[in-house]
Amino acid sequence: MSAPTSAGPADAGSTGAGPTGVWADVVGQEAAVAQFRRAASPEGSLAQAWLITGPPGSGRSTAARAFAATLQCETGEGCGHCHACRTVLAGTHPDVTAVATDKLSISKEEVRSLVLTAQRSPATGAHRVIIIEDADRMSAGTFNVLLKSIEEPPPHTVWMLCAPSAEDLAPTIRSRCRVVTLAIPRPSDVAELLVRRDGADPDLAERAALAAQGHIGLALRYATQPGALEAREESARTLLGLRSSGQAVLAAGTLVERANAEAAATADDVAAKEKERFLRSAGIEDGKVPPSLRSQMRQLEDDAKRRRTRLVRDVLDRYLLDAHSVLRDVLVLQLGTGAELVNPGVREEIVHAAEGGDPQVTLALLDAVQQARTRIAGNVPPLLATEALLARIAVRAG
């Protein structure tokens, strides 16, 4: 379980039609924000268990933190200025516990710790708030550990579970939660956020928001990491240029190698920081772990392996979503819908593919991308799943 992630205070002085205060970074979610605000108001009905759902990158955890800040706000409005609002958004409020995981799953032991935390009375605020940002990564057994606390929480405890969809949670859990579903943010809203919050160039922010298809985290990556958007467009050209099974096999190998390298770099960095934190907390300065602590060190190493496995899947899933967007653009031109292209930087290649293809074949390839994503998530070896997909695309174009 990772430490709470940090976020800077929202700009309560933001202008425009969008939300302000702690809600300033919850973009394109007007209906959900209104529902949260009503529940937090003195006249509202505050449920003690919430399930916040929405597509990846739609801002589920951001919305949960803003809701938590509103519940703790000294003005009751989520002003963004008071000490309570600022500490909730910074991840340092004593009565708000926000948990995320980059491992394959959340363990029973981690959830038991959260249940114990939920039993404590608030120290300074009006509520004890527990946010689980990756609730879909709990097993059936782990859900059972959580169930009793969700059914009968202490009077001042509020649970907030975040997941892509309600179906990702056990029926016994979701039936006891008030569900709020987030929409895919409009590209214009995402671009405005990147410019206002992150200082991105407006033109680049617009391109990044289109390419990310409403995924705020990806849009930020494309807008702020040098070469990220260009690398995405080069991958699109490679995809559309496949003409043989041999090319597909080589391209799949390159793709998986890149995913492994990117995942390893991130996982190794996290593992090194966790090891350093462990050694420091144990008072070990020479790096020699005594026998009594070696089991804990092995647990850190096992967590690192699971984290890397999960990250490889996540990176490959991002690549497959990119492939899906390219094929979607091809289909848009084939059907003449007039919809805006997600990948305008490779328009010429998309036009060429559309002119030489059949819409029915493109639809079948879009389904094949989704199947590949499902297979990888279901533990099919990533290389095999990726080779099979790219070979189908190459056969279509060959």
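Please read all numbers here as calculations on a predicted model, not as lab measurements.

## Side note on the layout of surface pockets
Rolled over the atoms, a probe sized like a water molecule indicates the empty space that remains.
Okay, step 1: In this structure, the second largest pocket encloses a volume near 440 Å³.
Okay, step 2: Of all the secondary structure elements, the ones that give two or more residues to the lining of the second largest pocket are helix 9 (216-224), helix 10 (228-240), helix 11 (245-281) and helix 12 (294-335).
Okay, step 3: Counting residues per element, the lining of the second largest pocket draws most heavily on helix 10, which supplies eight residues.
Okay, step 4: Partitioned by chemical class, the residues of the lining of the second largest pocket number 13 nonpolar, three polar and seven charged.

## Re the packing of aromatic side chains
Okay, step 1: If you walk through the whole model with that rule in mind, you get four aromatic pairs.
Okay, step 2: Both rings, one in Trp 23 and one in Phe 36, keep their centres 5.7 Å apart while their planes meet at 15 degrees; by these two values the pair is stacked. Taken together, the residues Trp 23 in the segment before helix 1 (30-40) and Phe 36 in helix 1 connect sequence positions 13 residues apart.
Okay, step 3: Judged by its relative accessible area of 0%, Phe 36 is buried.
Okay, step 4: Where Trp 50 meets Phe 67, the ring centres are 4.9 Å apart and the plane angle is 80 degrees; that geometry is what we call edge-to-face. Separated by 17 residues along the polypeptide, Trp 50 in strand 1 (residues 49-53) and Phe 67 in helix 2 (residues 60-72) bring together distant segments of the chain. Accessibility classification places Trp 50 together with Phe 67 in one group, the buried group.
Okay, step 5: Among the aromatic residues, ring-to-ring pairing joins Trp 23, Phe 36, Trp 50 and Phe 67 into one connected group.
Okay, step 6: The ring of Tyr 319 carries Arg 258 above its face, with NZ or CZ at 4.9 Å from the centroid.

## Details of the nonpolar core
Okay, step 1: Among the nonpolar cores identified, the biggest contains 38 residues, and Leu 316, Leu 389, Leu 390 and Ile 393 are the most heavily contacted of them.
Okay, step 2: Listed by contribution, the elements that provide at least two residues to this core are helix 10, helix 11, helix 12, helix 13 (347-355), helix 14 (359-377) and helix 15 (382-397).
Okay, step 3: Ranked by the residues each element gives to this core, the list is headed by helix 12, at eleven residues.
Okay, step 4: Membership of the second largest hydrophobic core comes to 33 residues, among which are Ala 39, Ala 66, Ala 68 and Ala 84.

Thresholds applied
- Residues numbered from 1 in each chain as written.
- Predicted model: local features only at pLDDT ≥ 70, side-chain atom pairs only at ≥ 80, totals over all residues.
- Heavy atoms only, no water.
- 1 Å grid on protein atoms, 1.4 Å probe; cavity = no way out; pocket = protein on both sides within 12 Å on 5 of 7 lines; lining within 4 Å.
- Points joined across faces, edges and corners; volume = space filled by probe spheres on them.
- Helix = DSSP H or I, 4+ residues; strand = E, 2+ residues; numbered from the N terminus.
- Nonpolar A, V, L, I, M, F, W, Y, C, P; charged D, E, K, R; others polar.
- Phe/Tyr/Trp six-rings, centres within 6.5 Å; stacked < 30°, edge-to-face > 60°.
- Buried < 20%, exposed > 50% of the residue type's maximum accessible area, 1.4 Å probe, protein only.
- Lys NZ or Arg CZ within 6 Å of the ring centre and 35° of its normal.
- Core = buried A, V, L, I, M, F, W, Y, C linked by side-chain atoms within 4.5 Å.

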